[in-house]
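Descriptive analysis of the structure
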Amino acid sequence: MSNKRMKGTVATRALYYGNTAYPILGKKANDSDHTHKWTVLVRGVNNEDISFWIKKVSFRLHETYPNPQRTIEQPPFEVSETGWGEFEIAIKIYFHAASGEKPVTLYHHLRLHPYEDDGTGQPWPKEKPVTSFNYDEVVFNEPTEAFYQVLAENNALTFQLPTKKSTKEPAVPFTTMVEQEELDRLDKALREVNRQVQRERQRAEAITEESAMYK
């Protein structure tokens, strides 16, 4: 296969990236100031193999870490560390040479603390991990014939989100169920905003009518 571009063809691959974090309970890390163990990662949206189209992933950690530029050349594409502070991590994804594409850089803010309740109104359990993930799609516009063939051989010309949440580890954070729940939350919020706008409009009209009575 050649590196000739396929005019009018688009190939899309989905992935998610982010981090998990666990508080260090009982036994301390080597550095007594470290409060959490965390892992930053890049995975396929179904936790499937992505190494046939991603060659390597480079994670740029905070400069206080030894060897802050961590390059992972085989799956799983992830880095685990301990620490106490949150910071931005640059994630640079390199594709295989057959793609003819330049690397893509993503940015993720390492999250160690929940900043919320556990979803039931109760305080976040200390032993419950904190997760922070982002969904993204990599679009290969007019891919090379060679790369298109690689995708085809791995049944990766199309993708579909899982339908239901998974309880197995590693859990899949993005599903059509989660997508629908988010749409439902947005719809509920929009209806509440419209209700408040209508109420304020009625109040303004009442004030205008009352003012007109005294003129």
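Quick note: structure is the one above.
Right, let's walk through the structure included here. (Residues numbered from 1 in each chain as written. Predicted model: local features only at pLDDT ≥ 70, side-chain atom pairs only at ≥ 80, totals over all residues. Heavy atoms only, no water.)

1. Some points on the pattern of salt bridges
- Summed over all chains, the structure comprises 7 salt bridges.
- Salt-bridge contacts for glutamate 78 lead to arginine 43; the nearest nitrogen and oxygen are separated by 3.3 Å. With glutamate 78 in strand E5 (residues 77–83) and arginine 43 in strand E2 (residues 36–44), this residue pair connects regions lying 35 residues apart in the sequence.
- With relative accessibility at 24%, the residue glutamate 78 sits in the partly exposed group.
- With a relative accessible area of 22%, arginine 43 lands in the partly exposed category. (Salt bridge = Lys/Arg side-chain N within 4 Å of Asp/Glu carboxyl O. Helix = DSSP H or I, 4+ residues; strand = E, 2+ residues; numbered from the N terminus. Buried < 20%, exposed > 50% of the residue type's maximum accessible area, 1.4 Å probe, protein only.)

2. Some thoughts on the sheet that holds strand E8 (residues 130–141)
- Spatial ordering of the open sheet is given by E5-E2-E1-E8, a layout of 4 strands whose pairing is antiparallel. The open sheet has two free edges, formed respectively by E5 and E8, since each of these has just one partner strand. Adjacent strand axes in the sheet meet at a mean angle of 15° when their direction is disregarded.
- Relative to E8, strand E1 (residues 10–23) is paired through 12 bridges, and the arrangement is antiparallel. By the bridge assignment, arginine 13 is partnered in E8 with valine 138. (Pairing = 2+ DSSP bridges. Axes fitted to C-alpha atoms, helices over the stretch in contact; angles between N-to-C directions.)

3. Quick look at the nonpolar core
- Membership of the largest hydrophobic core comes to 31 residues, with the highest contact counts inside it found for Trp38, Val42, Trp53, Phe59 and Ile91.
- Looking at this core, the elements that each hand over two or more residues are E1, E2, strand E3 (54–60), E5, strand E6 (88–95), E8 and helix H1 (145–153).
- If near-sequence neighbours (up to four positions away) are discounted, valine 42 is found in contact with Leu15, Tyr16, Tyr17, Ile50, Val57, Phe59, Phe77, Ile91 and Ile93. (Core = buried A, V, L, I, M, F, W, Y, C linked by side-chain atoms within 4.5 Å. Contact = heavy atoms within 4.5 Å.)

4. Re the packing of aromatic side chains
- Going through the model one piece at a time under the given rule, you end up with 8 aromatic pairs.
- A centroid spacing of 5.9 Å and a plane angle of 85° characterise the contact between tryptophan 38 and tyrosine 65, whose relative ring orientation is edge-to-face. Pair noted here: tryptophan 38 is in strand E2 and tyrosine 65 is in the loop between E3 and strand E4 (69–72), with a separation of 27 residues, a long-range link. Like tyrosine 65, tryptophan 38 is buried.
- When the centroid spacing of 6.1 Å and the interplanar angle of 90° are considered together, the rings of tryptophan 53 and phenylalanine 140 count as edge-to-face. Placement of the pair is tryptophan 53 in the loop between E2 and E3 and phenylalanine 140 in strand E8, with a sequence separation of 87 residues. Just as tryptophan 53 is buried, phenylalanine 140 falls in that class too.
- The ring of tyrosine 94 carries the charged tip of lysine 56 above its face, separated from the ring centre by 4.7 Å. (Phe/Tyr/Trp six-rings, centres within 6.5 Å; stacked < 30°, edge-to-face > 60°. Lys NZ or Arg CZ within 6 Å of the ring centre and 35° of its normal.)

5. Describing the environment of leucine 157
- If you trace the backbone, leucine 157 turns up in the loop between H1 and helix H2 (176–213).
- Among all residues touching leucine 157, those that are not within four sequence positions of it are Thr12, Tyr148, Leu151 and Ala152.

6. Remarks on the environment of proline 23
- On the secondary structure map, proline 23 appears in strand E1.
- Proline 23 gets classed as partly exposed once you look at its relative accessible area, which sits at 26%.
- When the C-alpha positions of proline 23 and glycine 83 are compared, they lie 9.8 Å apart, and in sequence the two are 60 residues distant.
- Beyond its immediate stretch of four places on either side in the chain, proline 23 contacts Thr35, His36 and Lys126.

7. Considering the sheet that holds E6
- Spatially, 4 strands are ordered E4-E3-E6-E7 in an open sheet, and the strand pairing comes out antiparallel. At either margin of the open sheet sits one strand with a lone partner, and together these are E4 and strand E7 (104–109). Within this sheet the neighbouring strands show an average axis-to-axis angle of 20°, counted without direction.
- Here 4 bridges tie E3 to E4, and the two strands are oriented antiparallel to one another. The residue bridging arginine 60 from the neighbouring strand is glutamine 69, located in E4.

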